[in-house]
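Examining the three-dimensional arrangement
Chain residues, written in single-letter form:
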Amino acid sequence: MKNFYMGIDVGSVSTNIVILDEENNIVWKKYLRTQGKPIDILKEGLKEVRKELGDIDIKGVGTTGSGRQLAGLILGADVVKNEITCHAVSALDFMPDIKTIIEIGGQDSKIIIIRDGIVVDFAMNTVCAAGTGSFLDRQAFRLGVGIEQFGKLALKSDNPVRIAGRCAVFAESDMIHKQQLGHNQEDIIWGLCQALVRNYLNNVGKGKEILGPIAFQGGVAANEGIKRAFEDTLKQEVFIPKDFDVMGAVGVGLLAKAEVKRKKTTSFKGLNISNIDYKVRGMECNDCANLCEVIEIQEGNNILARYGDKCGKWTNSIKDSSKLA
Amino acid sequence: MCKIGIPRGMFFYDYFPLWKEFFQELGIEIIVSSKTNKEILNLGISSCVDEACLPVKIFHGHVEYLKDKVDYIFIPRIMSIDRMEYCCPKVLGLPDMIRYSIGKLPPIIDTQINLRKSNNKYKKSIYDTGKLLGKDFWEIKKAYKKAEKSYERYIYLLNKGVVPIEAIKIYDKVFKDINYSSEHNELTIMVVGHSYSIYDEYLNMNLISKLMSNNIKVITPEMINKEKINRYSNKLPKRMFWTHGKRIVGSAFSLIEEQKIDGIIYLSSFGCGMDSVLVDLVERKAIKAEIPFTLLTLDEQTGEAGVNTRIEAFIDMMKWRNRDENNISAFR
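These numbers come from a predicted model, not from an experiment.

1. Topic: the pairing of strand β8 (residues 118-124) of chain A
Residues and elements named next belong to chain A. For β8, the tally of buried residues reaches seven of seven residues, placing the bulk of the element in the interior. Across six bridges, strand β7 (residues 109-115) lies against β8 in antiparallel orientation. Note that in β8 the partner of I114 across the bridge is V119. Where β7 folds back on β8, the antiparallel hairpin that results is connected by two residues, among which D116 adopts a positive phi of roughly 50°.

2. Quick word on the sheet that holds strand β2 (residues 29-32) of chain B
With parallel pairing, the four strands of this open sheet are ordered in space as β2-β1-β3-β5 (chain B). Two strands lie at the open edges of the sheet, namely β2 and β5 (108-109) of chain B, each paired on one side alone.

3. Let's talk about unusual backbone geometry
With an omega of -5°, the peptide bond running from G212(A) to P213(A) counts as cis. Along the chain, P213(A) falls in the loop between α7 (185-203) and β9 (214-217). In this structure, Q259(B) takes a positive phi of about 55° despite not being glycine. As for its position among the elements, Q259(B) is in the loop between α12 (243-257) and β9 (263-269). In this model, E290(B) sits at a positive phi of 55°, which is unusual for a non-glycine residue. With respect to the secondary-structure elements, E290(B) resides in the loop between α13 (273-288) and β10 (293-298). Accessibility expressed as a relative area gives 63% for E290(B), which makes it exposed.

4. Side note on the environment of L132(B)
All names here are of chain B. Structurally, L132 can be placed in helix α6 (residues 120-132). Residues L132 and H62, 70 residues apart in the sequence, show an inter-C-alpha distance of 23 Å. Aside from chain neighbours lying at most four places away, what touches L132 is Y72 and I109.

5. Comments concerning the pairing of β10(B)
Residue and element names in this part refer to chain B. Among the six residues that make up β10, five are buried, leaving the element largely enclosed by the rest of the structure. Two strands pair when backbone bridges link them, and β9 and β10 are joined in this way by six bridges, in the parallel orientation. In the strand pairing of β10, Y266 is matched with L295. Handedness of the β-α-β unit built from β9, α13 and β10 comes out right-handed.

6. Some points on the domain arrangement of chain A
All names here are of chain A. Taken domain by domain, chain A holds domain 1 (3-86 + 248-275), domain 2 (96-240) and domain 3 (278-316). Relative placement of domain 1 and domain 2: their C-alpha centres are 28 Å apart. Taken together, the contacts link six residues of domain 1 with ten residues of domain 2. In total, about 610 Å² of surface goes out of reach between domain 1 and domain 2, with carbon and sulfur atoms giving 67% of it. Interface area lost by domain 1 to domain 2 is led by S12, E83 and I84, which between them contribute 69%. Applying the counting criterion to the domain 1 and domain 2 interface returns one salt bridge.

7. A short note on the interface of chain A and chain B
Facing the 35 residues of chain A at the interface are 29 residues of chain B. Where chain A meets chain B, there are six salt bridges. A salt bridge links E293(A) to K38(B); the shortest N-O distance between them is 3.0 Å. Taken together, the connections running from chain A to chain B amount to eleven residue pairs in polar contact (both at pLDDT 80 or more).

8. Some words on the pattern of salt bridges
Within this structure, the stated rule accounts for 43 salt bridges over all chains. The salt bridge involving K226(B) is made with D82(B); its shortest N-O contact spans 3.2 Å. Highlighted residues: K226(B) in helix α11 (residues 226-233) and D82(B) in the loop between β4 (77-80) and α4 (89-92), separated in sequence by 144 residues. The structure contains a network of salt bridges with shared partners spanning K29(A), K242(A), D243(A) and D245(A).

9. Considering helix α5 (residues 147-156) of chain A
Residue and element names in this part refer to chain A. Residues of α5 that are buried include every one of F150, G151, L153 and A154, and no others. Taken down its axis, α5 places every buried residue within 165° of arc, on the same side. When the buried face of α5 is taken as reference, the exposed residues oriented beyond 90 degrees from it are E148 and K156.

10. Topic: α7(A)
The first and last C-alpha atoms of α7(A) sit 27 Å apart over 19 residues, in line with the 27 Å expected at 1.5 Å per residue. In this structure N184(A) caps α7(A), since a side-chain oxygen of it lies 3.2 Å from the backbone nitrogen of E186(A).

11. Description of the sheet that holds β7(A)
Paired through backbone hydrogen bonds, the strands of a sheet run either parallel or antiparallel to each other. Residue and element names in this part refer to chain A. Strands sit in the order β8-β7-β6-β9-β10 across an open sheet of five strands; the sheet is mixed. Looking at the sheet topology across the chains shown, the edges are occupied by β8 and β10 (238-239). Sitting on the sheet, helix α8 (residues 224-234) is in contact with β6 (100-104), β9 and β10, with an inclination near 155° to β9.

12. Some thoughts on the environment of D243(A)
Residues and elements named next belong to chain A. Secondary-structure assignment places D243 in the loop between β10 and α9 (247-263). For D243, a relative accessible area of 11% corresponds to the buried category. Considered as a pair, D243 and I26 are 217 residues apart in the sequence and their alpha carbons are 8.8 Å apart. The residues contacting D243, other than those within four sequence positions of it, are I26 and K29.

13. Re empty space enclosed by the protein
All names here are of chain B. By the definition in use, this model includes seven cavities of 30 Å³ or more. Of the pockets and cavities examined, the largest cavity occupies roughly 100 Å³. As for the largest cavity, its lining consists of P7, G9, M10, F11, W19, F59, F74, I75, P76, I78, V91 and L94. When the residues that make up the lining of the largest cavity are grouped by side-chain class, the tally is eleven nonpolar, one polar and no charged. Its volume calculated, the second largest cavity comes out at about 70 Å³. What lines the second largest cavity is simply R8, G9, M10, F12, Y13, P55, I58, F59, Y196, D200 and L203. Considering each element in turn, the lining of the second largest cavity owes the most residues, three residues, to helix α3 (residues 54-66). Its residues assigned to classes, the lining of the second largest cavity shows eight nonpolar, one polar and two charged. Residue contributions to the lining of the second largest cavity reach at least three from each of two domains, namely domain 1 (3-158) and domain 2 (183-325).

14. Side note on the domain arrangement of chain B
Residues and elements named next belong to chain B. Under the domain assignment, chain B is made up of domain 1 (3-158) and domain 2 (183-325). Put simply, the middle of domain 1 and the middle of domain 2, counted by C-alpha atoms, are 26 Å apart. Facing 22 residues of domain 1, the contacting portion of domain 2 comprises 24 residues. Here domain 1 packs against domain 2, burying approximately 2,200 Å² in sum over the two surfaces, 57% of which is carbon and sulfur. The salt bridge partner of E85 is K246, with a shortest N-O separation of 2.7 Å. The interface formed by domain 1 and domain 2 includes eleven residue pairs in polar contact (both at pLDDT 80 or more). Sorting the residues of the side of domain 1 that touches domain 2 by element identifies α1 (12-25), α2 (38-47) and α3 as the ones contributing at least two each. Looking at the side of domain 1 that touches domain 2 residue by residue, the class counts come to 15 nonpolar, two polar and five charged.

Rules of the game
- Residues numbered from 1 in each chain as written.
- Chains lettered and ligands numbered in written order.
- Predicted model: local features only at pLDDT ≥ 70, side-chain atom pairs only at ≥ 80, totals over all residues.
- Heavy atoms only, no water.
- Buried < 20%, exposed > 50% of the residue type's maximum accessible area, 1.4 Å probe, protein only.
- Helix = DSSP H or I, 4+ residues; strand = E, 2+ residues; numbered from the N terminus.
- Pairing = 2+ DSSP bridges.
- Contact = heavy atoms within 4.5 Å.
- Right-handed = clockwise from strand over helix to strand, strands pointing away.
- Domains from an automatic or database assignment.
- Buried area = accessible area lost by both parts, 1.4 Å probe.
- Salt bridge = Lys/Arg side-chain N within 4 Å of Asp/Glu carboxyl O.
- Polar contact = N/O pair within 3.5 Å; in protein donor to acceptor, adjacent residues only side chain to side chain.
- Arc of directions from axis to C-beta.
- Expected span 1.5 Å × (residues − 1).
- Axes fitted to C-alpha atoms, helices over the stretch in contact; angles between N-to-C directions.
- 1 Å grid on protein atoms, 1.4 Å probe; cavity = no way out; pocket = protein on both sides within 12 Å on 5 of 7 lines; lining within 4 Å.
- Points joined across faces, edges and corners; volume = space filled by probe spheres on them.
- Nonpolar A, V, L, I, M, F, W, Y, C, P; charged D, E, K, R; others polar.

Following this line, the structure appears as structure tokens:
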């Protein structure tokens, strides 16, 4: 029986699952919308793995993304890693001489600088989500254009409209004004792509030495308009990996494989956890002025984890069978 | 006995040992507001003007917390604590800001400290504060002498490598000569920023403790001695006239040039005017010296995922770099 490894990236907008084989090939991948229900989507994803691949032998599991801790707990992951390390690992696997990674996801945008195969510098957007996937999503919706057509429309324009890109609120009002003036849709969309790239390079990419080869990954890489805007500004080709939308999951899958090789066993609970009922309860602890928001996760009738309290009172009392409110 | 409230915010971590000893020696009871928590944050945000930075808002919350529990609140007007230098405008106007934002306050003791031109006025400020509380010259003099001693012990600990959040707990206990620098740590990271952001553990989501629990040695600007800070900040083409700015730049420059750190985490409050200059100065210097640098900008968010991801990735990167230098496979 062949060995497989699973990488899962639970992001703000999408949950991605990949299955890798022993030679690091992607055997199967799935891009699901998280829709604020990480546990349900995770279970749905696992069900699909079973349906399409049968009961395969998964030797190791890794989780990443902003929901990595939660997903790691539920699955019994071997590795729980931040997105930056994972994107670097997968990009290096895609192109070993990579020097710069541009990653734009749902709520984060990152730049990772790599020299001689190691991460030497990185940056993430600081406070504002302007110029990330969810911003584009929203603007596409507002313009009445499917996000899938967004990039193609941008490419049709050769007369971009300048749109303020530093702040999502300003960008939106600027865009509305330009619409009212009668600019056509393609020009506005192309202008928006340029604004996003300008904002990215001035904020996230500020002070970084962006050398080629450059890889562009994350969900937004599907947008040809953004790719073209990057290439115009940086004056060089930007490479998009075939599996750009699941690169985080690929990276953590590779890390899980390495970890399992080292410890020779996996802590993965098996694909049948998609049948188990998970419940999440939250409460505000009123025992002190911190008013911590405590979360409890139940697996069937057992308490799987509690977290969110600053003092550790709830986290540590997990064996105590009394449940929260 | 009269009670004085000291809000646990702004310059608290710079001067608390001095203030506490002074008032206690005068026979006055001290009440310190509790550590920042959600209640204090909410109180602060609802009473403070909206454009202020988070530490100022939190300070408002601490005053709200104290106002019904004490007879006086101590909010010194710290204008300048060194020759030809100034503090942030929000520190200069802090007592007024509080007075006009919060209602039903007990009297505020707003001792003015202005040493910009000379140190002469300093003694007068101390006596005026003591007199206000009905104490005579000799009592005040004796109390201040003692306060100075306890402040010196605090500074001594910081220079020995004790992080301020620890030092503030132990400076007045009997202690042996602790030598923290002998402990073995895999990495040394400088956490830089204004004292009121880097030591408020609620505001920064326990940044320093998180690093320390990863077996990382943490150095902060307050732990670098003054002489060194002056020497290195003087390397700037123009004199830095903000005291805290000078401390941040001088301490970061000294640690970078002396190659004592593996990385720098700059913690900044959203909207800090000083930081808009300081972050860039420190970052450029770090890039030149090839020392990893990252900036964390905080406001009132309490979801920790964003901060944790950045810290984790930063630590990973430094470990990855170190392993590579030691010729161990970089992948694992």
